[in-house]
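Residues per chain are reported as follows:
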Amino acid sequence: MQSTPVNGSQSQTDRRTGTRAPVDLFMNRFLEGHPYLCVARDVSRTGMRLRTLLGPQVEADFIGLQFQLPGSDAVLTASGEVIREGNDEVAIRFTHMPSASQSALEQFLASN
């Protein structure tokens, strides 16, 4: 599957400037190869914010993500850089996302 770099040149202090769509959906974050349940709170073209539910508090620089957007049966995957973590929330900047996942995300954002 082809993977596309996403917004890799911003510094860690930059915040998402694109449109954020509020969501409330269960998803998996992958730490050390194991999936852990969490809840996505919002998503944009460049990243997402999630609330951790299960799993260890591991200081990871990069994590894998797997989720379904509301109204879709497609399972999207991405990897991302942890840019902020605390109070059971994690802010992720997408670093790689398959082109099919990126297209589905952009369609979802355009319709919201």
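Everything below is about the structure printed above this text.
Reading guide: rules and limits
- Residues numbered from 1 in each chain as written.
- Predicted model: local features only at pLDDT ≥ 70, side-chain atom pairs only at ≥ 80, totals over all residues.
- Heavy atoms only, no water.
- Helix = DSSP H or I, 4+ residues; strand = E, 2+ residues; numbered from the N terminus.
- Buried < 20%, exposed > 50% of the residue type's maximum accessible area, 1.4 Å probe, protein only.
- Contact = heavy atoms within 4.5 Å.
- Pairing = 2+ DSSP bridges.
- Core = buried A, V, L, I, M, F, W, Y, C linked by side-chain atoms within 4.5 Å.

> Just give me the short version of the environment of T19, but keep the residues and values in it.
Turning to its location among the elements, T19 is positioned in the loop between β1 (3–5) and β2 (21–31). With a relative accessible area of 55%, T19 lands in the exposed category. On a C-alpha basis, the gap between T19 and T46 in space is 9.4 Å, while along the polypeptide they are 27 residues apart. Leaving out residues up to four positions away in the same chain, T19 has contacts with V43, S44, R45 and L109.

> Please provide a residue-by-residue account of the pairing of strand β4 (residues 47–52), values included.
In terms of strand pairing, strand β3 (residues 34–43) meets β4 through five bridges, oriented antiparallel. Residue pairing across strands places V43 opposite M48, the latter belonging to β4. The hairpin turn running from β3 into β4, its antiparallel successor, is three residues long.

> Lay out the nonpolar core in plain terms, naming residues and giving numbers.
Among the nonpolar cores identified, the biggest contains 25 residues, and M27, V43, M48 and L65 are the most heavily contacted of them. Breaking this core down by element, the ones donating at least two residues are β2, β3, β4, β5 (62–67), β6 (76–86), β7 (89–98) and α1 (99–111). Per-element accounting of this core gives the leading share, five residues, to β2.

> How would you sum up unusual backbone geometry? Please name residues and give values.
Even without a glycine there, the phi angle at N87 is positive, about 55 degrees. With respect to the helices, strands and loops of the structure, N87 is situated in the loop between β6 and β7. You can call N87 exposed: its relative accessible area is 78%. A positive phi angle is found at D88, which is not glycine, with a value near 60 degrees. Counting through the fold element by element, D88 comes out in the loop between β6 and β7. Judged by its relative accessible area of 46%, D88 falls in the partly exposed class.

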